[in-house]
Structure formats: structure tokens, C-alpha cells
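Okay, here's what each chain looks like letter by letter:
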Amino acid sequence: QQPVQSPQAVILREGEDAVINCSSSKALYSVHWYRQKHGEAPVFLMILLKGGEQMRHEKISASFNEKKQQSSLYLTASQLSYSGTYFCGTENTTSGTYKYIFGTGTRLKVLA
Amino acid sequence: EAQVTQNPRYLITVTGKKLTVTCSQNMNHEYMSWYRQDPGLGLRQIYYSMNVEVTDKGDVPEGYKVSRKEKRNFPLILESPSPNQTSLYFCASSLSPVGYGYTFGSGTRLTVV
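Before going into details, it helps to say that this report is about the structure given with it.

Parameters at a glance
Residues numbered from 1 in each chain as written. Chains lettered and ligands numbered in written order. Predicted model: local features only at pLDDT ≥ 70, side-chain atom pairs only at ≥ 80, totals over all residues. Heavy atoms only, no water. Helix = DSSP H or I, 4+ residues; strand = E, 2+ residues; numbered from the N terminus. Rg over C-alpha atoms; globule rule 2.2 N^0.38 Å. Contact = heavy atoms within 4.5 Å. Areas by Shrake-Rupley, 256 points an atom, 1.4 Å probe, with all protein chains shown as cover. Lys, Arg positive; Asp, Glu negative; His and termini not counted. Charge placed at Lys NZ, Arg CZ, Asp CG, Glu CD. Disulfide = S-S within 2.5 Å. Buried area = accessible area lost by both parts, 1.4 Å probe. Salt bridge = Lys/Arg side-chain N within 4 Å of Asp/Glu carboxyl O. Polar contact = N/O pair within 3.5 Å; in protein donor to acceptor, adjacent residues only side chain to side chain. Nonpolar A, V, L, I, M, F, W, Y, C, P; charged D, E, K, R; others polar. Buried < 20%, exposed > 50% of the residue type's maximum accessible area, 1.4 Å probe, protein only.

### Details of the overall build of chain B
Then step 1. Of the regular secondary structure elements, chain B holds 0 helices and 11 strands.
Then step 2. If you list the helices and strands of chain B from N to C, you get β-β-β-β-β-β-β-β-β-β-β.
Then step 3. Expected size for 113 residues packed as a compact globule is a radius of gyration near 13 Å; at 13 Å, chain B falls within 12% of this value.
Then step 4. Projected onto the principal axes, the alpha-carbon positions of chain B cover approximately 40 × 30 × 25 Å.
Then step 5. In chain B, once contacts between residues fewer than 6 apart in sequence are set aside, the share between residues at least 24 apart is 54%.
Then step 6. Working note: accessible area of chain B is about 5,200 Å², and carbon and sulfur atoms make up 52% of it.
Then step 7. Separation between the mean location of the 12 positive side-chain charges and that of the 9 negative ones in chain B comes to 6 Å.

### A word on the state of the cysteines
All names here are of chain A.
Then step 1. The final tally for this structure, using the stated rule, is 2 disulfides over all chains.
Then step 2. Disulfide partner of Cys22: Cys88, at an S-S distance of 2.1 Å. Every disulfide takes its handedness from the sign of the S-S torsion; for Cys22 and Cys88 that torsion is 75 degrees, giving right-handed. Taken as a pair, Cys22 in strand S3 (residues 18-23) and Cys88 in strand S9 (residues 84-92) lie far apart in primary sequence, 66 residues in all.

### Considerations on the interface of chain B and chain A
It is common to give the size of an interface as the accessible area lost on bringing the parts into contact.
Then step 1. Contact with chain B, which involves 22 residues of that partner, is made by 21 residues of chain A.
Then step 2. Summed over both sides, the interface between chain B and chain A buries roughly 1,700 Å², with carbon and sulfur atoms accounting for 60% of that surface.
Then step 3. Our count for the contact surface shared by chain B and chain A stands at 1 salt bridge.
Then step 4. For the salt bridge of Lys99 of chain A with Asp59 of chain B, the shortest nitrogen-to-oxygen distance reads 3.1 Å.
Then step 5. For the pair chain B and chain A, the interface holds 7 residue pairs in polar contact (both at pLDDT 80 or more).
Then step 6. Elements that contribute at least two residues to the side of chain B that touches chain A include exactly strand S4 (31-38), strand S5 (42-51) and strand S6 (54-57) of chain B.
Then step 7. Counting residues per element, the side of chain B that touches chain A draws most heavily on S5 of chain B, which supplies 4 residues.
Then step 8. Classifying every residue of the side of chain B that touches chain A by side-chain character gives 12 nonpolar, 7 polar and 3 charged.

### Comments concerning the pattern of salt bridges
Residues and elements named next belong to chain B.
Then step 1. As enumerated under the stated definition, the model contains 6 salt bridges over all chains in all.
Then step 2. Notably, a salt bridge pairs Glu79 with Lys18, separated by 3.9 Å at the nearest N-O pair. Placement of the pair is Glu79 in the loop between strand S8 (76-78) and strand S9 (87-94) and Lys18 in the loop between strand S2 (10-13) and strand S3 (19-25), with a sequence separation of 61 residues.
Then step 3. Accessibility expressed as a relative area gives 53% for Lys18, which makes it exposed.

Written out as C-alpha cells, the structure is:
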């Protein structure tokens, strides 16, 4: 039930663009995106709600396709500081539970 | 400063010796949760709490206990740690389980020998 992210890893040159995808087998109410730098805690980037607009954090934006149960993270003109592992996250609120699960993760490395 | 405070940052212990990892948040968040992070397995939820005295199992609760006696605190208890509980642990909190992002603590790296 863990959302699947693709690609698993990507290497970019500074200034290049990248897209990270997050797919779920379950209906999604919302999708969250986090970035985790090596040795640090994940940091919340943005949330996309069902029926909501595309969100943006600096030069990073994201979209949410409810019908396809997918979200995509777009990193434009990447910077060295974008390096890290990106996770999508979503609620799993079936049967009265309120679990919160993370995707499989995508490692992003930006080279100078 | 709004934050989630976890202690300790690093802990080495022996098999079977009870330990507690503390977690405290100062944002008046309702929802708190514990995760473990292992290479290749990502972040897996251990337990969560909707509010004071309300806790429930996540996906990997075996071998762990939690309590939520006050809104701000959510300690993780390992009554009899085993080597397979060696991991990086994160506490996180959110205003609500639906529609809000998490704030994470800085993590606790636990080694059980």
C-alpha cells in the first residue's frame, strides 16, 4: 500500500529540470511532499489537496491527478541545494484509522 | 521557535534493556506519530496518536509501546529491545492527520547490540 515513486534515483547538472512521480493504489485525499537531506530529518515542502490548485515552493512545483491517483513534483532549474531524498506522503484513513504513509523515496543529486 | 524535540540523538544499548525515546512539540498539534527509517524500506509508521489518551498502531508496531498523557509529549518505549530494532527513529507532529504536513524531530539513531 506504500505509494510508489519513480524514478528511484536521478542525477542532474545544476540548472537542469527533473520530474518525480508518486503513484498510489488507493484513492488519495491529499498528497504531501518532503525533502530529506543526508543525516537530517524530512522537511515538509507542500501539500496538494483534492480539487486544489497546483502548488509551488520556490522553483519546485507539484500537481495532483486525483483520477489517476498520482502526483508529480517538478524541479525547475535545479540548484545544488535541491540534492536529497524526496518523499511523497499521504493519509491512509480506512476503517477508522488515521495512518500516514510515505512513498518509496527518490534520491536526487545535483552536480555543479 | 516551533519545533519537535527528540531525545536522545544517539543511543547504544544492549538487548533486553528497556529504553524510552522522548518526543515533545510546542505547536499545540493534535496528531503525533513515530516512524522508523531503514535503508531500502523508507519511513514506516510505528504508532500514532490523534489526541491525549488516543493512540493506535501504525504499520510496524511490534516491540514498541507509546503513551499520550499530555498533548505535547509522545514517548516511544522499547520494553525489551532487540537488534532488529536498530534503526533511525523520527517523531513527527501535525495539526491534524488530514490536510496538514508534518513537522519532524531531528531523529534518534538507535543501535541495539
